[in-house]
Protein chains: 2
Amino acid sequence: MKIALDAMGGDYAPQAAIRGAKEALESYPGVRLIIVGKTDVLDPLLAENGLKGHERVELVHAEETVLMSDTSTVAIKSKKDSSITVAATLVKEGRAGAVVSAGHTGAAVAATTVKMRLLDGVDRPAIAAIMPSEKGPFVLIDAGANIDSKPINLIQFAVMGDVYAQTALGMKNPRVGLLSIGEEDIKGNGLTKEVFKKLSEMPINFIGNVEGKVIFQRYADVVVCDGFVGNVLLKSSESLAKATMHWIKEAFSRNTYRIAGALLAKEAFKELKEIGDYEGYGGAPLLGVDGVCIIGHGSSSPKAFKNAIRVADESVKVKLNSRICEKLVESGALPGSFKPNQG
Amino acid sequence: MKIALDAMGGDYAPQAAIRGAKEALESYPGVRLIIVGKTDVLDPLLAENGLKGHERVELVHAEETVLMSDTSTVAIKSKKDSSITVAATLVKEGRAGAVVSAGHTGAAVAATTVKMRLLDGVDRPAIAAIMPSEKGPFVLIDAGANIDSKPINLIQFAVMGDVYAQTALGMKNPRVGLLSIGEEDIKGNGLTKEVFKKLSEMPINFIGNVEGKVIFQRYADVVVCDGFVGNVLLKSSESLAKATMHWIKEAFSRNTYRIAGALLAKEAFKELKEIGDYEGYGGAPLLGVDGVCIIGHGSSSPKAFKNAIRVADESVKVKLNSRICEKLVESGALPGSFKPNQG
């Protein structure tokens, strides 16, 4: 099965995408790629990287590129021949099994939703990001696919996150928490209060509200929230990690003792840097679409692209989607079975 | 002017509150306190700490205590004689100039709103938290007083945050940003899109949307958001800082070289710990109420209480409220002057 790579998406595209493709082809002998984008731009880059005429590489032309300043709607409606739409169409037509993009998240969500369609019963897809904690990784869902989510969306995110934690992180019976601003069921906003009761009745290990203050101590293995809050949480954590490395650098260069100490312990700094390294995770799956879509970090480096391709390849193999469909039915988390305010 | 201290609020109250009161009285000779709570509990604690009969201490009885599991509404309606309500009433009656509480945030917001009332034209109050960044402190408003805010609320938070950054942090012309999930005006949720245009037209230094990914690099000096998102951001940052100290400890104790390095640079660790130290900030003001209300951290230690009392004392002196009222009028940020969707 081939992977369609949106070569035009991301802050350092197309260079980083092509170099990442090269690294992936070298590291994973089973991977086959369809590289999507402007051929006149990509052709020389492929040649430069020794990928021109590569037996596991195909190049498909897309005339347009979605800009970060485009709205998702404009991106889909007026740029019908954009790299992300063409890549999603390849999956729709069965020519590829997965799409990887580090471009405009909203456009990737819209293009895959329109072209690949959603899984039976799924109302909206969600990004499942893997985050580090004191006790190992946890899943944050939704990390930014949706804004202004409805209760049925958060309920389905909980189910998809539960299945993903079991499949991707090998967790048995993951603890699912609802991100809120107080532990009790009566604390939260209109959305979380409505969702709380329904989650309590579902066949998942729902542990109630989880507050920001314990999130990185992994009080919950799956943290469910609206994509606006999830995106702020994901991105601000990266920002704080970056600031922390800055503070560490400053603190350890203040005088000779500290500089000497830093030299002795230099491997410790490397270790710290790797904890928050999004490049290693590669990308986050957009769960709920009928197919595999991996959303890369906007600042994806070649290494990040390489790992996003690996994640896409693995995701195709694990059959996550059929398990999501089964669990949605089992949980009574289909739109028809949930009436707001009636439990 | 006296400060009313809610001695029953906070995870370590009343012990931490009373010990903090003692430290504040010792450090700030101008401070006078009214300690509010159950007298049979507080009397022996005051005696223990040498505060019984102290010339700058008064004890006022409050029969009830708001529990963290109470809703804000229940707390106010059925516990009319709670320590936070009694403390707010002391300000209303002019017997105190400020109230300090580390208890139930929602109850403190409700009690001060009902008893002290809001400033003319203010629709809802907001918590202004001071956060660290690579380039020094910034203001996060609202850090958790409100959920499900309306556009007029965020617009007023921007004005109050602007005035607070000038007054408390000495910033001239602070850059005010709207927390969102994309830089462009068309990115965000229903709430932020509506607020964006109005902020652009106001006499503040509005720099547009600010994304989570640059928040701790201090792209904006004042970050405006709904209290649900703000609370998640504030608390999850604390959680991440805690996890980071855990990771640092682990990384630096892995082998003899690293342990030796850590010993040489031990002052650097102290410095790092102080950056995220909420105890030093003491508390965050609840802006928009007619009087001074300082909200302490739920886990307030004696040191945090001491500093919250200091912040309350300073806040009374700077006449922040009259400047907020002026700026709200000047900005056209009064409820009557803002019609949703009409600019």
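Residues numbered from 1 in each chain as written. Chains lettered and ligands numbered in written order. Predicted model: local features only at pLDDT ≥ 70, side-chain atom pairs only at ≥ 80, totals over all residues. Heavy atoms only, no water.

**Q** Is there a simple way to think about the overall build of chain A in this case?
**A** Helix and strand content of chain A: 13 helices and 11 strands. A globule of 343 residues ought to have a C-alpha radius of gyration of about 20 Å, and chain A, at 21 Å, matches this closely. C-alpha extents for chain A along the principal axes are approximately 60 × 60 × 35 Å. For chain A, the proportion of its 343 residues judged to be buried stands at 58%. (Helix = DSSP H or I, 4+ residues; strand = E, 2+ residues; numbered from the N terminus. Rg over C-alpha atoms; globule rule 2.2 N^0.38 Å. Buried < 20%, exposed > 50% of the residue type's maximum accessible area, 1.4 Å probe, protein only.)

**Q** Can you walk me through the relation of the copies chain B and chain A in this structure?
**A** The relation between the two chain copies is a rotation about an axis coupled with a shift along that axis. The transformation that overlays chain B on chain A combines an axial shift of 0.0 Å with a rotation of 180°, and the residual RMSD is 0.0 Å. Read as a symmetry element, the transformation amounts to a two-fold axis. No C-alpha of chain B approaches the rotation axis more nearly than that of Gly261 of chain B, which lies at 1.8 Å. Both copies contact each other with a shared surface, as 100% of the interface residues of chain B are interface residues in chain A too. (Least-squares fit on C-alpha atoms with pLDDT ≥ 70 in both. Contact = heavy atoms within 4.5 Å.)

**Q** What am I meant to see in helix H10 (residues 266-275) of chain B here?
**A** Residues separated by three or four positions in an α-helix point in the same direction, a consequence of the helix having 3.6 residues per turn. For H10 of chain B, the complete set of buried residues consists of Ala268, Phe269 and Leu272 of chain B. Looking down the long axis of H10 of chain B, one finds its buried residues gathered within 100° of arc, a one-sided arrangement. In H10 of chain B, the exposed positions angled more than 90 degrees off the buried face are occupied by Lys266, Lys270, Lys273 and Glu274 of chain B. The elements touched by buried residues of H10 of chain B are helix H8 (227-251) and helix H9 (256-264) of chain A together with helix H8 (227-251) and helix H9 (256-264) of chain B. (Arc of directions from axis to C-beta.)

**Q** What am I meant to see in the environment of Glu250 of chain A here?
**A** Residue and element names in this part refer to chain A. By the element assignment, Glu250 lies in helix H8. Glu250 sits in the partly exposed class, given a relative accessible area of 36%. Considering only alpha carbons, one finds Glu250 and Leu67, 183 residues apart in sequence, at a separation of 37 Å.

**Q** I tried to follow the interface of chain B and chain A on my own but got confused; where do I start?
**A** Accessible area lost on assembly of the parts is the figure often given for the size of an interface. If you look at the interface, chain B gives 57 residues, while chain A gives 57 residues. Interface area, chain B with chain A, both sides summed: about 5,100 Å², of which 70% is carbon and sulfur. Ranking the residues of chain B by area buried against chain A places Ile181, Phe228 and Trp247 of chain B at the top, with a combined share of 13%. Remark: the boundary between chain B and chain A carries four salt bridges. With a closest N to O distance of 2.3 Å, Glu271 of chain A and Arg254 of chain B form a salt bridge. Put simply, chain B and chain A have 14 residue pairs in polar contact (both at pLDDT 80 or more) between them. (Buried area = accessible area lost by both parts, 1.4 Å probe. Salt bridge = Lys/Arg side-chain N within 4 Å of Asp/Glu carboxyl O. Polar contact = N/O pair within 3.5 Å; in protein donor to acceptor, adjacent residues only side chain to side chain.)

**Q** Can you help me understand the nonpolar core in this one?
**A** Soluble, globular proteins show a tendency: their nonpolar side chains are buried together. In this structure, Phe252 of chain A together with Phe252 of chain B are the most contacted members of the largest nonpolar core, which totals 114 residues. Beyond its immediate sequence surroundings of up to four residues, Phe252 of chain B is in contact with Phe252, Ala265, Ala268, Phe269 and Leu272 of chain A together with Arg258, Ile259, Ala262 and Phe269 of chain B. (Core = buried A, V, L, I, M, F, W, Y, C linked by side-chain atoms within 4.5 Å.)

**Q** What is the right way to look at the domain arrangement of chain A in this model?
**A** Residues and elements named next belong to chain A. Per the domain assignment, the segments of chain A are domain 1 (1-122 + 288-319) and domain 2 (129-278). Relative placement of domain 1 and domain 2: their C-alpha centres are 26 Å apart. Taken together, the contact between domain 1 and domain 2 spans 11 residues of the former and nine residues of the latter. On the domain 1 side of the contact with domain 2, Val109, Val122 and His297 bury the most area, a combined 48% of that side's loss. (Domains from an automatic or database assignment.)

**Q** In this structure, what is going on with the environment of Gly332 of chain B? I would like to understand it.
**A** All names here are of chain B. Within the secondary structure layout, Gly332 lies in the segment after helix H13 (320-330). With relative accessibility at 21%, the residue Gly332 sits in the partly exposed group. For Gly332 and Glu201, which are 131 residues apart along the polypeptide, the C-alpha to C-alpha distance reads 9.5 Å.

**Q** Before we go on, may I ask you to explain the pairing of strand E8 (residues 205-211) of chain A in this structure?
**A** Where a strand is regular, its side chains alternate between the two sheet faces. Residues and elements named next belong to chain A. Summarising burial for E8: five of the seven residues are buried, a large majority. Two strands pair when backbone bridges link them, and strand E7 (residues 175-180) and E8 are joined in this way by six bridges, in the parallel orientation. Pairing of Leu179 across the sheet is with Val210, part of E8. Considered for its hand, the β-α-β crossover made up of E7, helix H7 (residues 190-200) and E8 is right-handed. (Pairing = 2+ DSSP bridges. Right-handed = clockwise from strand over helix to strand, strands pointing away.)

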